[in-house]
Amino acid sequence: MATEGGGKEMNEIKTQFTTREGLYKLLPHSEYSRPNRVPFNSQGSNPVRVSFVNLNDQSGNGDRLCFNVGRELYFYIYKGVRKAADLSKPIDKRIYKGTQPTCHDFNHLTATAESVSLLVGFSAGQVQLIDPIKKETSKLFNEERLIDKSRVTCVKWVPGSESLFLVAHSSGNMYLYNVEHTCGTTAPHYQLLKQGESFAVHTCKSKSTRNPLLKWTVGEGALNEFAFSPDGKFLACVSQDGFLRVFNFDSVELHGTMKSYFGGLLCVCWSPDGKYIVTGGEDDLVTVWSFVDCRVIARGHGHKSWVSVVAFDPYTTSVEESDPMEFSGSDEDFQDLLHFGRDRANSTQSRLSKRNSTESRPVSVTYRFGSVGQDTQLCLWDLTEDILFPHQPLSRARTHTNVMNATSPPAGSTGNSVTTPGNSAPPPLPRSNSLPHSAVSNAGSKSSVADGAIASGVSKFATLSLHDRKDRHHEKDHKRNHSMGHISSKSSDKLNLVTKTKTDPAKTLGTPLCPRMEDVPLLEPLICKKIAHERLTVLIFLEDCIVTACQEGFICTWGRPGKVPAEHFSCSQEDRMQGVLQDQD
């Protein structure tokens, strides 16, 4: 039974929590799910995922929501904290046979009130391009599974492009597509373009331009997720071999790497300014990695099982003015501020850019990020400047160093400037906690590929009978008993078999790739609350709410402090459960 706050029993599901900003409250009227509201039997199914897009229509209600549950895909108007969800009227609903949706992504650049481009990846390896407003199925990529037969783990539009998108598979490969090109009727032949440590990039050899434009092979085992930096220039990938790898996307150069404490890495995200990357995975930890320094700067331990999603909150940023101090930075150092962040992060951008106009009175920033896991818990974390820039090892004394200043000295340094992506020499760090990286150029254009013929005659995808028996066991392999606190030697051996990594974990532990636990600060969560019955698979920060989802197929809205209309407080969790029982009757 759910409770309204801090119950004593461990199994109680929380419907509200309090942070320094105030009270966050679950809004039962704003819950989205399948129309019948019946919990989905999730055993053996792919994770529930949620995608948002804003159509910028004149009504002021332009938010749209897409989510997958089992073989089904739904597209709704998202009313957020304003009005109750109307589940009886999905804009579009699709049911697939023989395969399941695994992930999806909207093209925010081309979205209008009349049309929206939605990419959907599937468990059998295909990628579908649909318009849920026009209810059209325009294209199907990898239809015959000649490019890759494994499950699609992540699909995203290339930032700033109307036609390019990137697809990752459980095979460990990524492919760059152009929606204007066909895939060909035979298996593609490849030519090596660039090779480096644990990665290779190939181009497609053909007389005419065809998909895929590029094939990336990254690490060992499944490539679980990737994320573009806010400026679109860099790509962070996390794999089942436990490695984070960060690439310059245009020049295809490896910028830096990091290794999990143990097990695979499952999720990754960038800070709104692109200076930090957070990962989560099978070690039950969240790990904070500095893009500038190429080193682990903190770990967070609050989850009791695998961490499935990490995300920064661009709207919750603590900005404080400090005493005047000397500032050593050029105007060019601040230009990145003008470009970081998504459309929804404008409030954070304006607050962070405040430092531009007040050099004599610098401001300090606290980053907020969150994580959800298979332990059904939501954790919120604050990344403060005493962690980012400790003047003394593991010091908790608050400093006022500018977070955005790329020339600020890192922990333990002697004041030398921090290595930036354009420099080749690493900074001197007595604690040996930095990772050297090669020079990276920003040359190249994402839109330099010639246009080609548009594929035609795509068959109805929902009628295909495609087999993905090998991929159906993926969720079974991700068992919840692989917890950092009580992992057995038997399950540890199984993990080593699954990852098949060439890197001996014993040799990386204690190195800059994977510092020991005592060598970096250990964060404690601000809050750690059980909010669902089933494992959590979604965490998205919006301006007036937080959105979470669990494997039962319930998408929940948590109103931010001061953002919840009064009528939402009249309906309790018990009222909602009573409504579900009546629906079932």
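As the structure is a prediction and not an experimental result, all values here were calculated from the model. (Residues numbered from 1 in each chain as written. Predicted model: local features only at pLDDT ≥ 70, side-chain atom pairs only at ≥ 80, totals over all residues. Heavy atoms only, no water.)

1. What to know about the overall build of the protein
Right, on to step 1. Scanning the protein from terminus to terminus reveals 6 helices and 35 strands.
Right, on to step 2. For the protein, the proportion of its 585 residues judged to be buried stands at 57%.
Right, on to step 3. In the protein, the share of contacts with a sequence separation of at least 24, taken over all contacts with a separation of at least 6, comes to 60%.
Right, on to step 4. Carbon together with sulfur atoms contributes 49% to the accessible area of the protein, which is approximately 24,400 Å² in total. (Helix = DSSP H or I, 4+ residues; strand = E, 2+ residues; numbered from the N terminus. Buried < 20%, exposed > 50% of the residue type's maximum accessible area, 1.4 Å probe, protein only. Contact = heavy atoms within 4.5 Å. Areas by Shrake-Rupley, 256 points an atom, 1.4 Å probe, with all protein chains shown as cover.)

2. Considering the sheet that holds strand E21 (residues 243-248)
Right, on to step 1. Strand order across the open sheet formed by 4 strands is E19-E20-E21-E22, with antiparallel pairing between neighbours. Each end of this open sheet is capped by a strand with a single partner; those strands are strand E19 (223-228) and strand E22 (253-259). Looking at each pair of strands side by side, their axes are set apart by 20 degrees on average, direction ignored. (Pairing = 2+ DSSP bridges. Axes fitted to C-alpha atoms, helices over the stretch in contact; angles between N-to-C directions.)

3. Details of the UniProt feature "repeat: WD" (unreviewed entry) in the protein
Right, on to step 1. Residues annotated in UniProt with the feature "repeat: WD" (unreviewed entry) correspond here to residues 258-290.
Right, on to step 2. Secondary structure content for residues 258-290 is 0% helix and 61% strand, and the end C-alpha separation is 10 Å. (UniProt positions renumbered as here; feature names shortened; annotations may be inferred.)

4. Here's the deal with the pattern of salt bridges
Right, on to step 1. Under the criterion given, the structure shown has 12 salt bridges.
Right, on to step 2. Taking the shortest distance from any N to any O, the salt bridge between Asp382 and Arg368 comes out at 2.6 Å. Here Asp382 is found in strand E30 (residues 377-383), whereas its partner Arg368 is found in strand E29 (residues 363-373), with 14 residues between them in sequence.
Right, on to step 3. Looking at Arg368, the relative accessible area reads 1%, which means it is buried.
Right, on to step 4. Overlapping salt bridges bring together Arg20, Glu21, Arg368 and Asp382 as one network. (Salt bridge = Lys/Arg side-chain N within 4 Å of Asp/Glu carboxyl O.)

5. Points about the environment of Val238
Right, on to step 1. You can see Val238 is positioned in strand E20 (residues 234-239).
Right, on to step 2. Placed 21 residues apart in sequence, Val238 and Lys259 show a C-alpha to C-alpha distance of 9.6 Å.
Right, on to step 3. Non-local contacts of Val238, meaning those with residues more than four positions away in its chain, are made with Leu223, Asn224, Glu225, Phe243, Leu244, Leu265, Leu266, Cys267, Val268 and Thr279.

6. Side note on the side chain of Ser308
Right, on to step 1. Here Ser308 lies in strand E27 (residues 307-312).
Right, on to step 2. Only 2.6 Å separates the side chain of Ser308 from the backbone oxygen of Leu536, close enough to count as a polar contact.
Right, on to step 3. Excluding residues that lie within four positions of it along the chain, Ser308 makes contacts with Cys267, Val372, Gly373, Gln374, Leu536 and Thr537. (Polar contact = N/O pair within 3.5 Å; in protein donor to acceptor, adjacent residues only side chain to side chain.)

7. A closer look at the pairing of strand E10 (residues 118-122)
Working note: regular strand, side chains alternate between the two faces of the sheet.
Right, on to step 1. In terms of burial, E10 is a largely internal element, 5 of the 5 residues being buried.
Right, on to step 2. Side-chain alternation along E10 places Leu118, Val120 and Phe122 on one buried face and Leu119 and Gly121 on a second face that is also buried.
Right, on to step 3. By the bridge criterion, 5 bridges tie strand E9 (residues 101-106) to E10 in an arrangement that is antiparallel. Across the sheet, residue Cys103 finds its bridge partner in E10, namely Gly121.
Right, on to step 4. Bridge count for E10 against strand E11 (residues 127-131) is 4 bridges, and the pairing is antiparallel. Among the inter-strand pairings, Leu119 is bridged to a residue of E11, identified as Leu129.
Right, on to step 5. Here E10 folds back onto E11, and the loop between the two strands holds 4 residues, one of which, Gly125, carries a positive phi near 110 degrees.

8. So, the sheet that holds strand E8 (residues 92-95)
Right, on to step 1. Reading across from one edge, E5-E6-E7-E8 is the order of the 4 strands in this open sheet, with antiparallel pairing throughout. Edge positions in the sheet fall to strand E5 (50-54) and E8, since each of these pairs with one other strand and no more. Strand-to-strand twist in this sheet, taken as the mean axis angle between neighbours without regard to direction, amounts to 15 degrees.
Right, on to step 2. Here 6 bridges tie strand E6 (residues 63-69) to strand E7 (residues 72-77), and the two strands are oriented antiparallel to one another. By the bridge assignment for E7, Phe67 is matched with Tyr74.

9. A closer look at the confidence of the model for the protein
Right, on to step 1. In this model, the protein carries a mean pLDDT of 77, and residues with pLDDT of at least 70 account for 67%.
Right, on to step 2. Taken as a whole, residues 1-8 scores under 50 in pLDDT and shows 21 contacts with residues more than four places along the chain or in a different chain.
Right, on to step 3. Confidence drops under pLDDT 50 across residues 570-585; counting only partners more than four residues distant or on other chains, this segment forms 19 contacts. (pLDDT = per-residue confidence, 0-100.)

10. A word on unusual backbone geometry
Right, on to step 1. Cis geometry marks the peptide bond from Asn211 to Pro212, where omega comes out at 0 degrees.
Right, on to step 2. Even without glycine at this site, Arg145 takes up a positive phi of about 60 degrees.
Right, on to step 3. For Arg145, a relative accessible area of 17% gives the class buried.
Right, on to step 4. At Val252, a position not held by glycine, the phi torsion is positive, near 55 degrees.
Right, on to step 5. Structurally, Val252 can be placed in the loop between E21 and E22.

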